[in-house]
Amino acid sequence: MSVEPTLTYQLDSTTYKVLTEALEQHAAHQELLTRQAQFAPTTEDRMTLLHEVLHAEELRRTIEAAHSAGQVSITLVPGTYQLLTEALSGYHDDQMHAAEEATQEHDDPDDGDPARQAAAIADRLHLQAVEAAYCPHH
């Protein structure tokens, strides 16, 4: 029997915001896919997506409950690892896209900075999850 790796995040305000927003966006995206026949043609496909939505909501609630303690520890069972990395990766991409749009819209490279910073944090959190899962003694 193997022991699943554990990941601990320090929940400063920006880390907390990125984690909760990433999970919220991921859940909303998966829920949207349940209503689109090309992504969820069968009842089983819809059930799988809805299970992912529930898992994302549960993980987000765990993080919210741990916020006052200042840190959260997450056991990286395969499903949780996949959910967390997919949510952070998607959030990173969304933030980079938002930064690019803000920069172009206002013709000011600094306009996209908040989104770029959020993307960088998502990237760092993603890397921490990968390290915890694959280099547990790191």
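Look up a bit, the structure's there.
As the structure is a prediction and not an experimental result, all values here were calculated from the model. (Residues numbered from 1 in each chain as written. Predicted model: local features only at pLDDT ≥ 70, side-chain atom pairs only at ≥ 80, totals over all residues. Heavy atoms only, no water.)

Caption draft 1: Representation of the overall build of the chain within the structure. Along its length, the chain carries four helices and two strands. Sequence-ordered secondary structure for the chain, helices as α and strands as β, is β-α-α-β-α-α. Counting only C-alpha atoms and orienting by the principal axes, one finds that the chain spans roughly 55 × 40 × 30 Å. A buried classification covers 35% of the 138 residues belonging to the chain. Residue pairs in contact within the chain that sit at least 24 positions apart in sequence constitute 71% of those at least 6 positions apart. Of the roughly 8400 Å² that the chain leaves accessible, carbon and sulfur atoms contribute 53%. Taking the average location of the 7 positive side-chain charges in the chain and that of its 24 negative ones, the two points are 7 Å from each other. (Helix = DSSP H or I, 4+ residues; strand = E, 2+ residues; numbered from the N terminus. Buried < 20%, exposed > 50% of the residue type's maximum accessible area, 1.4 Å probe, protein only. Contact = heavy atoms within 4.5 Å. Areas by Shrake-Rupley, 256 points an atom, 1.4 Å probe, with all protein chains shown as cover. Lys, Arg positive; Asp, Glu negative; His and termini not counted. Charge placed at Lys NZ, Arg CZ, Asp CG, Glu CD.)

Caption draft 2: Expanded view of the nonpolar core. Tyr-9, Ile-63, Leu-84 and Leu-88 are the most contacted members of the largest nonpolar core, which totals 29 residues. For this core, the elements supplying multiple residues, two or more each, are β1 (6-10), α1 (13-34), α2 (43-66), β2 (71-75), α3 (78-106) and α4 (113-134). Here Tyr-9 is in contact with Thr-15, Leu-19, Gly-70, Gln-71, Val-72, Ile-74, Leu-84, Leu-88, Leu-125, His-126, Gln-128 and Ala-129, once residues within four sequence places are set aside. (Core = buried A, V, L, I, M, F, W, Y, C linked by side-chain atoms within 4.5 Å.)

Caption draft 3: Quick look at the packing of aromatic side chains. All chains considered together, the criterion is met by one aromatic pair. For the pair Tyr-81 and Tyr-134, a centre-to-centre distance of 5.8 Å together with 80 degrees between the ring planes defines the contact as edge-to-face. Of this pair, Tyr-81 sits in helix α3 while Tyr-134 sits in helix α4, placing them 53 residues apart in sequence. Judged by its relative accessible area of 60%, Tyr-134 falls in the exposed class. (Phe/Tyr/Trp six-rings, centres within 6.5 Å; stacked < 30°, edge-to-face > 60°.)

Caption draft 4: Quick look at the side chain of Gln-95. Considering the arrangement of structural elements, one finds Gln-95 in helix α3. We classify Gln-95 as buried; its relative accessible area is 13%.

Caption draft 5: Seen up close, a negative patch on the surface. On the surface, Glu-100, Glu-101, Glu-105, Asp-110 and Asp-111 cluster together into a negatively charged patch. By secondary structure assignment, the location of Asp-111 is in the loop between α3 and α4. When its relative accessible area of 32% is taken as the criterion, Asp-111 is described as partly exposed. (Patch = residues over 30% accessible without salt bridge, like charges linked within 9 Å, V, L, I, M, F, W, Y side chains within 5 Å. Salt bridge = Lys/Arg side-chain N within 4 Å of Asp/Glu carboxyl O.)

Caption draft 6: How the structure looks around α3. With 29 residues, α3 extends 42 Å between its outermost C-alpha atoms, agreeing within 8% with the 42 Å of an ideal straight helix rising 1.5 Å per residue. Taken as a whole, α3 has its buried residues at Thr-80, Tyr-81, Leu-83, Leu-84, Thr-85, Ala-87, Leu-88, Tyr-91, Gln-95, Ala-99 and Ala-102. If you follow the buried residues of α3, they end up packed against β1, α1, α2, β2 and α4. In the stretch just after α3, Asp-107 is the one whose phi turns positive, near 50 degrees. (Expected span 1.5 Å × (residues − 1).)

Everything listed here is a matter of coordinates, which is why it stays silent on function.
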